[in-house]
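# Descriptive structure summary
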Amino acid sequence: MVKLLNDTYTTFKTIFTGMGITWGHLFRRSVTVQYPEVRDVLPQRVRLKLDVNMDDCIGCRLCERACPVECITIGTIKSTDDDDLGETSTGHKKKLWVNEFDIDMAKCCYCELCVHPCPTDCITMVEDYEYSSYDRNDLIFSFSDMTPEQIEAAQVKLEQEEEEKKRKKEEARKAKEMKKAAEAAEAGEANEGSAEAKEGTGGGGDTDAEAAKEARRAEREARRAARKAEREAKKKSED
Ligand code: SF4
Ligand code: SF4
């Protein structure tokens, strides 16, 4: 009997307590909004999603290196000497094509460490929180606007320029070597001339003199060939 009375008391007590709380909240100011019809005002500097203004990105990869969870992936291609990629709004000269700029927001921990090192302030947190998805791949955001054709063209152009530079460098090296050889040969020729003069006055043996003459002739032939090769190399590099 006592237990029954106790349970009845507890039942009514909890009902009145609950109803009291409910009625009390009916007259208080609401703290929720009718989302999505109504959206709350977000606090300043809120961290919700990263955005990149590719017009201002110079591909320096400072953001990629700063990220502690490696969720930024950047790919760049060097521009060639005749490419003009323009400048950013902050006055930085653009020298790299940014062919890949992906951010995996599923991995991002919203630390904002990538934002502060950016020299052109082009990576920022924006007030966008409506990007939930059932597929993780939908959370990888790509910012590069280069098409596969443009990437291929930039790569081919760079390869060609590098090949051309390599070829010119090699030709310049060869020409330099040949010039050195020709100079050394000329110096040797001058020394021989004086030695010959000495031989003429000294009256040495006929056989030795003939052999020496033959050797000098051979040397002269070699020098002539070297000079000819040098001229041809120069002509090629000028073309
Ligand atoms: S906010 Fe932090 S975790 Fe997210 S991309 Fe930037 S550095 Fe990486
Ligand atoms: S730090 Fe800024 S400029 Fe450099 S790659 Fe990242 S977003 Fe681009």
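Residues numbered from 1 in each chain as written. Chains lettered and ligands numbered in written order. Predicted model: local features only at pLDDT ≥ 70, side-chain atom pairs only at ≥ 80, totals over all residues. Heavy atoms only, no water.

Another aspect to go through is the packing of aromatic side chains. The geometry of two aromatic rings is summed up by the distance between their centres and the angle between their planes. Counted by the stated rule, this structure contains 3 aromatic pairs. Taking the centre distance of 6.2 Å and the plane angle of 85° together, the rings of Phe101 and Phe143 count as edge-to-face. Taken together, the positions of Phe101 in strand S3 (residues 96-104) and Phe143 in the loop between strand S5 (140-142) and helix H3 (148-202) put the pair 42 residues apart, joining distant regions of the chain. For the pair Tyr131 and Phe141, a centre-to-centre distance of 5.6 Å together with 85° between the ring planes defines the contact as edge-to-face. One end of the pair, Tyr131, is in the loop between strand S4 (123-126) and S5; the other, Phe141, is in strand S5, and 10 residues separate them in sequence. Judged by its relative accessible area of 18%, Phe141 is buried. (Phe/Tyr/Trp six-rings, centres within 6.5 Å; stacked < 30°, edge-to-face > 60°. Helix = DSSP H or I, 4+ residues; strand = E, 2+ residues; numbered from the N terminus. Buried < 20%, exposed > 50% of the residue type's maximum accessible area, 1.4 Å probe, protein only.)

Right, let's get into unusual backbone geometry. That bond from Tyr35 to Pro36 is cis: its omega, 5°, falls within 30 degrees of zero. The topology assignment puts Pro36 in the loop between helix H1 (2-26) and strand S1 (49-52). Unusually for a residue other than glycine, Glu70 sits at a positive phi of about 50°. Its location among the elements puts Glu70 in the loop between helix H2 (62-66) and strand S2 (72-78).

This part takes up the nonpolar core. Across soluble globular proteins, nonpolar side chains show a tendency to be buried alongside one another. Ranked by internal contacts, the top residues of the largest apolar core, which has 24 residues, are Leu50, Val52, Ile72, Phe101, Ile103 and Ile123. Secondary-structure elements contributing two or more residues to this core are S1, S2, S3 and S4. With 3 residues, the top contributor of residues to this core is S3. Residues contacting Ile72, with those up to four places away along its chain left out, are Cys63, Glu64, Cys67, Phe101, Asp102, Ile103, Cys114 and Ile123. Of all hydrophobic cores here, the second largest spans 5 residues; its members include Ile77, Met146, Ile151 and Ala154. (Core = buried A, V, L, I, M, F, W, Y, C linked by side-chain atoms within 4.5 Å. Contact = heavy atoms within 4.5 Å.)

This brings us to the side chain of Glu230. On the secondary structure map, Glu230 appears in helix H4 (residues 206-238). Of the residues examined, Glu230 reaches a relative accessible area of 9% and is grouped as buried. Setting aside residues up to four positions removed in sequence, Glu230 forms contacts with Ala175, Met178, Lys179 and Ala182.

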